[in-house]
Each structure stands twice: as C-alpha cells, then as structure tokens.
Amino acid sequence: MSLDKRARFAHLTVLLAEWQELWRPLPFTHRDIPWPAPFHALARRLLLLGDAECARLQAEPFIDSPLADWLPVSALAELVTLTEIPAGEAAGEREEGLPAAWSVHIGGRKWQQIVSFVPRVTLGPEQQLMEWCAGKGHLARTLARRHNVDVTALEWQAGLCDAGTRLAERQGAAVRLVRQDVMAEGAVEWLSSTTHVAALHACGDLHERLIELSAEHGSALTLAPCCYHRTVDERYRPLSCLGRQLAETHELVLEREDLAMAVQETVTAPRHVRQHREAANAWRLGFDALQRDVQGVDAYLPVPSLAYGQHTETFADFCRWASVQKGIDLPSRVDWCAYEQEGQRRQAEVTRLELVRQLFRRPLEIWLVLDRALRLEEAGFSVELGTFCPRKLTPRNLLLRASRC
Ligand SMILES: C[S@@+](CC[C@H](N)C(=O)[O-])C[C@H]1O[C@@H](n2cnc3c(N)ncnc32)[C@H](O)[C@@H]1O
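Source: prediction; values computed, not measured.

(A) Geometry of the side chain of His 196. Position of His 196 among the secondary structure elements: in strand β4 (residues 195-202). Using a relative accessible area of 4% as the deciding quantity, one classes His 196 as buried. Look past the residues within four positions of His 196 in its chain and what remains in contact with it is Val 121, Thr 122, Leu 123, Gln 127, Gln 128, Leu 129, Met 130, Ala 220, Leu 221 and Thr 222.

Shown next as structure tokens:
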C-alpha cells in the first residue's frame, strides 16, 4: 500500500469527524432534512436528481458528484485517494485455479470468493491451519486440500459441524470440525504462536475476539472482516490505541448503527433484490407516516424485520402486522392508498439524501479495518492490508494478513 497505514488512518479520522453531521444521520428516520441549515440547499439539490442520475451516483459516488460543490474539492479528492487499496500488497502470490470438483456443495459466489482467498493464505513452516467460525468448513476443506495439511475448523452450530464433517469425509479432506463457541473461554485453547487462523467474513465481535486472542498468543492471521455492527457494544471503542486517541481528539463518535453503514452497499445486489428492498422500505416509510399520525408523536419507530420466509401481500397487511408488533391500535378506517404513496415519496427522498452517506461508506469501512490492522501492529505484528477479490464478487473484499515479526 503506497500510503502509510497510520497516515491514512489519521487522515480518514479527520475527514470522518469533520463531516459526521452530514453522514451520520439516517435520512430514513427523519421526516425533515436531517442536516444543519447550511446544508439544506444541498438537500434541495439532491432531491431534484432524476432516477437515472441517482442510480448512477449510487454506483459511482465519486464521479461528477453534485456534492463536489458542498464538500471542498480537496476533501472529495482525499476520500478517493484514501479509499484506494490495491490488491497487490496482500496478494503476494498470483491467483491460481483450483479444481472445479472441489466446489461441490459450495454456492457459486462463495466458491469464487474461496478461490480468491485461498492463495492469500501462505502457511509458514510448522504452522497449523485453523478456520474461525467455519460454517460447514468449505474454506477449511479447500485449504486442507490445497496445502495438503490437516485443518481444524471451529463452529458453534452442531448441525453445521455434522454436515461439514460428512462433507470432509466424503471428499477425503483432512478437516476436523470442532463445536466451539469462539466467544467462550475455551476458545483460547485453540490458539498458539504456531496457529495460522483463516477467517472469511467473520462478523463483528467474532473477528474482534480473534484479533484479541491472536494479539495475546501470537497466532498468524488471514482475515476478511465483515459486519462490524454485529457487536454487543452500543458505542464503538477503537481496538487500537491510536484509534482511541484520534477518535477522542477529533470527537469522532461511532454508534452501532453508524457501523452498519460500512457494510451497506445496495448496488452490487441483483436488480430484483434491490427492487424488492426498495419496495419493502417504501412500505416501512408508509407505515412510519401512519404511526406518527395515529400516535400523534412525530418520531421514527423502528419495526422489526419479517421472519425469514414470512411476507405480507399488501401494504395494509404489512401495516396491520407492524402495528401488532408495536402494540398500536389502528383506526377502523385508514386511507391506505395515501399512506402507501407517502411511503413511496419518502423512499425517493431517502434514496437521494443517502447519496451523501455513500461517499463516506468505503472510507468508514477502511477506517475500521485500519483500526484492526493497527491493533495488531501495536501488538508487534507485521500487517498487510489489501483486497482479495474484485468488489463485484463481494463488496467485503478487504483482507488483513498478519504475523508476529
Ligand atoms: C457469516 S458465517 C461465515 C462462515 C464461513 N466462514 C463462510 O465464509 O462461509 C458465520 C459463521 O459463524 C458461526 N458463528 C456465529 N457465532 C459463533 C460463535 N460464537 N462461535 C462460533 N461460531 C459462530 C455461524 O454459525 C456461521 O456459521
């Protein structure tokens, strides 16, 4: 990476902190413009954007952005530079093909991610491989076959361990799936200075735990982090000393919902998934308008997600379901059509105002990964930050490779 990690991290902290009143508020939860008065003209400009231009800016937030008139040009240019993470640094080795037969029982996209990830795991002499939060151990099986070594895979769901064990036996892969809650005390037993842990898309607390244990025991890591917001803490406490120091100096405060922004990327989802999500959000916004009127309280009310596989046929059905969840008595007569249209109108507004957050999404993700890298460097590790695959395969394509110097 051409930019020094600490300089990049410090610079990102300044920009994220400086513009936090623009990117932290969630337009979804505000009926009015969620920004201070000096930015209201910016909001009005965004609200005038046509659908096509709005979609283009979602895909290319930094190109010909109307926000250039509002953020200093230097800030935009800096965001672009700071978010450029070349693949090369973590790559080390060239991509290699893996036998297609090894992909049996693995979803197409996951297999392509594994094909890109596996060459990045370079095993030192005397190191034992382990997969962290392994699911059915797809990565572990591929690593075992690729390196011709035994791999231990930790996973807490018994069903996944059983299924993974059967797959490994059937394919003759030397993988031992172990039922282990990695947050429990016993997880410590699996790590030592000769362990090399591979973790592909381990969520928030799960990969933070891995980093802390590795820092303590000197285990090497190849880690693609994911879902930073999946954490028990409401407020983010940087892992690195430098992160804590800079966040305090620049008054950068990150709540759990801010962390969720780092992994929100709709543009890589297939079109039908995006359309479905937009329609669902419009219903939620329509219900929000209704509940504000019914309760006489002009405040956003979060509604839980529908359970997997559950769906409601009409907007009115959705509102009845949501009102039961929130214990709200709906009047016997509701102008469903008006509230549904209000939801669609708000959805169009929210999409446009969200363009501002799009600019800061990748910078925030890189800031979080740098915080993890610096935590390990502060513990005496040598750390590389890079990408392991193109973003069209997964937007969560950042990779840390760390080993104690
Ligand atoms: C996002 S999946 C990643 C699975 C796999 N690495 C992959 O890329 O397909 C997370 C996995 O972590 C497991 N998991 C969640 N919490 C865990 C815990 N506390 N201890 C061990 N495994 C856990 C889940 O059951 C799931 O299989």
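On we go.
(B) Summary view of the environment of Arg 333. Its location among the elements puts Arg 333 in the loop between α14 (315-326) and α15 (336-378). Its relative accessible area of 78% is what places Arg 333 among the exposed residues. In the structure, Arg 333 is positioned 52 residues away from Leu 385 in sequence and 58 Å away in space, judged by C-alpha atoms.

(C) Summary view of the nonpolar core. Counting residues in each nonpolar core, the largest one holds 72 residues, and the members touching the most others are Trp 19, Trp 23, Trp 35, Trp 132, Phe 360 and Trp 367. When near neighbours in sequence (up to four residues on either side) are disregarded, Trp 132 contacts Leu 154, Val 182, Ala 187, Leu 191, Val 197, Ala 198, Ala 199, Ala 202, Leu 206, Arg 209, Leu 210 and Leu 213. If you look at the next biggest cluster of nonpolar residues, it comprises 29 residues, including Leu 98, Leu 139, Ala 144 and Leu 200.

(D) Unusual backbone geometry, seen in detail. Positive phi, close to 60°, is recorded for His 201, a residue that is not glycine. In this fold, His 201 is placed in strand β4. A residue is classified by how much of its surface remains accessible, and His 201, at 17% relative accessible area, is buried.

(E) Region of the structure containing the sheet that holds strand β1 (residues 128-131). With mixed pairing, seven strands are arranged side by side in an open sheet as β3-β2-β1-β4-β5-β7-β6. This sheet does not close on itself; its edge strands, each paired only once, are β3 (175-179) and β6 (381-387). Neighbour to neighbour, the strand axes of the sheet diverge by 15° on average, direction disregarded. With six bridges connecting them, β4 and strand β5 (residues 220-225) associate as parallel partners. What sits directly across from Leu 200, in β5, is Ala 224.

(F) Here's a closer look at the packing of helix α7 (residues 108-117) against helix α8 (residues 138-147). Axis separation between α7 and α8 bottoms out at 10 Å; the angle between their running directions is 40°. Relative to α8, α7 is oriented oblique. For α7 against α8, the interelement crossing comes out right-handed. Contact residues: α7 offers Trp 111, Ile 114 and Phe 117, while α8 offers His 138, Leu 139 and Thr 142.

(G) How the structure looks around the pattern of salt bridges. Under the criterion given, the structure shown has 21 salt bridges. In this structure, Arg 56 and Glu 60 form a salt bridge, with 2.9 Å as the shortest nitrogen-oxygen distance. Arg 56 gets classed as partly exposed once you look at its relative accessible area, which sits at 23%. On the basis of relative accessibility, which here comes to 33%, the residue Glu 60 falls in the partly exposed class. Measuring nitrogen to oxygen at the nearest pair gives 2.9 Å for the salt bridge that ties Glu 365 to Arg 396. With Glu 365 in helix α15 and Arg 396 in the loop between β6 and β7 (398-404), the pair connects residues that are 31 residues apart, well separated along the chain.

(H) Representation of the site of the ligand within the structure. Lining the immediate surroundings of the ligand are 15 residues, of which Lys 110, Glu 155, Asp 181, Val 182 and Leu 200 lie closest. Measuring from a nitrogen atom of the ligand, one finds a backbone N or O atom of Cys 133 at 3.1 Å. Residue Trp 156 places a main-chain N or O atom 3.3 Å away from a nitrogen atom belonging to the ligand. Protein chains bury 79% of the 590 Å² of accessible surface belonging to the ligand in isolation. Partitioning the shell around the ligand into residue classes produces seven nonpolar, four polar and four charged.

(I) Structural detail: empty space enclosed by the protein. Per the stated rule, a full pass over the model turns up one cavity of 30 Å³ or more. Considering only enclosed or pocket space, the largest cavity measures out at about 40 Å³ in volume. Looking at the largest cavity, the residues that line it are Leu 46, Leu 57, Pro 61, Ser 65, Pro 66, Leu 67 and Leu 355. Here the residues of the lining of the largest cavity are counted per class, giving six nonpolar, one polar and no charged.

(J) Representation of the layout of surface pockets in the model. By volume, the second largest pocket amounts to about 440 Å³. As for the second largest pocket, its lining consists of 16 residues, and the residues nearest its centre are Lys 110, Cys 133, Leu 200, His 201 and Ala 202. Looking at the lining of the second largest pocket, the elements that each hand over two or more residues are α7, α8 and β4. Looking at which element gives the most residues to the lining of the second largest pocket, the answer is β4, with three residues. Within the lining of the second largest pocket, the residues separate by chemical class into nine nonpolar, three polar and four charged.

(K) View of helix α13 (residues 271-295). Across its 25 residues, α13 extends 36 Å between first and last C-alpha, which sits within 8% of the 36 Å expected from 1.5 Å per residue. Among all positions in α13, only Ala 282, Trp 283, Arg 284, Leu 285, Gly 286, Phe 287, Asp 288, Ala 289, Leu 290, Gln 291 and Arg 292 are buried. The elements touched by buried residues of α13 are α14 and α15. Gly 296 occupies a position one or two residues after α13 and carries a positive phi of about 65°.

About the cut-offs
- Residues numbered from 1 in each chain as written.
- Predicted model: local features only at pLDDT ≥ 70, side-chain atom pairs only at ≥ 80, totals over all residues.
- Heavy atoms only, no water.
- Helix = DSSP H or I, 4+ residues; strand = E, 2+ residues; numbered from the N terminus.
- Buried < 20%, exposed > 50% of the residue type's maximum accessible area, 1.4 Å probe, protein only.
- Contact = heavy atoms within 4.5 Å.
- Core = buried A, V, L, I, M, F, W, Y, C linked by side-chain atoms within 4.5 Å.
- Pairing = 2+ DSSP bridges.
- Axes fitted to C-alpha atoms, helices over the stretch in contact; angles between N-to-C directions.
- Parallel < 35°, antiparallel > 145°, perpendicular 65-115°, else oblique.
- Left-handed = near helix turned anticlockwise from the far one by under 90°.
- Salt bridge = Lys/Arg side-chain N within 4 Å of Asp/Glu carboxyl O.
- Near = heavy atom within 4 Å.
- Polar contact = N/O pair within 3.5 Å; in protein donor to acceptor, adjacent residues only side chain to side chain.
- Areas by Shrake-Rupley, 256 points an atom, 1.4 Å probe, with all protein chains shown as cover.
- Nonpolar A, V, L, I, M, F, W, Y, C, P; charged D, E, K, R; others polar.
- 1 Å grid on protein atoms, 1.4 Å probe; cavity = no way out; pocket = protein on both sides within 12 Å on 5 of 7 lines; lining within 4 Å.
- Points joined across faces, edges and corners; volume = space filled by probe spheres on them.
- Expected span 1.5 Å × (residues − 1).

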